[in-house]
Amino acid sequence: SRLKDMKRILILCALVLASTLLYARDVKDTSKEIVKLAKSYRKKAGFEVVNLGPTSISLMKAAAKAEARYDDEDDIEDREEAWSEVDILSGLKRMLVVDYEDASYADKLSFNEKVSKCLEGCELLLSSVDEGEETRIYGTVLEDGATLKDLIVYEPQEGSLVYMEGKIDIRSAMSLAE
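None of the values given here were measured: they were computed from a predicted structure.

Student: Can you help me understand the side chain of Ser-160 in this one?
Tutor: With respect to the helices, strands and loops of the structure, Ser-160 is situated in strand β6 (residues 160–169). Overall, Ser-160 belongs to the buried group, its relative accessible area being 17%. A polar atom in the side chain of Ser-160 sits 2.8 Å from the side chain of Glu-155. The contacts of Ser-160, once residues within four sequence positions are left out, are Val-98, Tyr-100, Val-153, Tyr-154 and Glu-155.

Right, dumping it as structure tokens:
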């Protein structure tokens, strides 16, 4: 009986360790794969790729703070949305935007297939369809359960992908999605 309990504990520890290692691998691979994929398509006709680093994000954060401070005081909803934007920007390290709306059908199809493969390890946080246009929001949730390591807003039919890397508060991200 005691030997069985020890075996169960060892098996449970092995499963926890294995899932942790798989989780870490998925987190690291997804971010690198998305960035690598975007770079490989940036010179194709109809693809626009914008990569924002810490300096650009700091400027965006300053602009968002100014907007949040001086937004119409009567419209509380706008102010809350503006502060949610500030919260998201404050944790970002990198932001990558890919617009491929004007790409050829074959290039869109190829890119969408490769993006889908990259996103296999990510958790789908939200999926919606509005007038036939699908929007999917993916993210990698950290152990605290309240923070995302990355956030990906993907609209395959529209031809857009936004990848954000850093520490993103889930509540702030979801309030913008509403």
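On we go.
Student: Would you mind going over the nonpolar core with me for this structure?
Tutor: Within soluble globular proteins, side chains that are nonpolar generally end up buried alongside one another. One finds Val-98, Phe-111, Leu-119, Ile-152 and Tyr-154 to be the most contacted residues of the largest nonpolar core, which totals 20 residues. Listing elements by their share of this core, those giving two or more residues are α1 (2–41), β2 (92–99), α4 (105–118), β5 (147–155) and β6. Ranked by the residues each element gives to this core, the list is headed by α1, at 5 residues. If near-sequence neighbours (up to four positions away) are discounted, Phe-111 is found in contact with Leu-37, Tyr-41, Phe-47, Val-98 and Tyr-100. Grouped together as the second largest cluster of nonpolar side chains are 10 residues, Leu-92, Met-95, Ile-137 and Leu-148 included.

Student: I tried to follow the sheet that holds strand β1 (residues 48–52) on my own but got confused; where do I start?
Tutor: For sheets, the rule is that strands pair by backbone hydrogen bonds, running either parallel or antiparallel. Across the sheet, 6 strands lie side by side as β1-β2-β6-β5-β4-β3; this open sheet has antiparallel pairing. Of all the strands in the sheet, just β1 and β3 (123–130) have a single pairing partner and so form its edges. Averaged over neighbouring strand pairs, the angle between their axes works out to 10° when direction is ignored. Sheet analysis places strand β4 (residues 133–141) next to β5, joined by 6 bridges and oriented antiparallel. The residue of β5 that forms the bridge with Ile-137 is Val-153. Packing of α4 onto the sheet brings it into contact with β2, β4, β5 and β6, and relative to β5 it is tilted by some 155°.

Student: Help me out: how do you make sense of the side chain of Thr-140 in this one?
Tutor: Mapped onto the elements of the fold, Thr-140 is located in strand β4. Thr-140 sits in the buried class, given a relative accessible area of 7%. Polar side-chain contacts of Thr-140 include one of 2.8 Å to the side chain of Asp-150.

Student: How should the packing of aromatic side chains be read in this particular structure?
Tutor: For any pair of aromatic rings, the description consists of the separation of the ring centres together with the inter-plane angle of the planes. Under the definition given, this model contains 5 aromatic pairs. Judged by centre distance (5.0 Å) and plane angle (45°), the rings of Tyr-41 and Phe-47 are tilted. Assigned by exposure class, Tyr-41 and Phe-47 land together as buried. Taken together through their ring pairs, the aromatic side chains of Tyr-41, Phe-47, Tyr-100 and Phe-111 make up a single cluster. The side chain of Lys-44 reaches across the aromatic face of Tyr-41, ending 5.5 Å from its centre.

Student: Looking at this model, I keep getting lost on the pattern of salt bridges. Mind explaining?
Tutor: Between side chains of opposite charge, pairing is possible as soon as their charged atoms come close. Under the counting rule described, the total for this entry stands at 2 salt bridges. The shortest N-O distance in the salt bridge between Asp-107 and Lys-44 comes to 3.9 Å. Of this pair, Asp-107 sits in helix α4 while Lys-44 is found in the loop between α1 and β1, placing the two residues 63 residues apart along the sequence.

Cut-offs applied
- Residues numbered from 1 in each chain as written.
- Predicted model: local features only at pLDDT ≥ 70, side-chain atom pairs only at ≥ 80, totals over all residues.
- Heavy atoms only, no water.
- Helix = DSSP H or I, 4+ residues; strand = E, 2+ residues; numbered from the N terminus.
- Buried < 20%, exposed > 50% of the residue type's maximum accessible area, 1.4 Å probe, protein only.
- Polar contact = N/O pair within 3.5 Å; in protein donor to acceptor, adjacent residues only side chain to side chain.
- Contact = heavy atoms within 4.5 Å.
- Core = buried A, V, L, I, M, F, W, Y, C linked by side-chain atoms within 4.5 Å.
- Pairing = 2+ DSSP bridges.
- Axes fitted to C-alpha atoms, helices over the stretch in contact; angles between N-to-C directions.
- Phe/Tyr/Trp six-rings, centres within 6.5 Å; stacked < 30°, edge-to-face > 60°.
- Lys NZ or Arg CZ within 6 Å of the ring centre and 35° of its normal.
- Salt bridge = Lys/Arg side-chain N within 4 Å of Asp/Glu carboxyl O.

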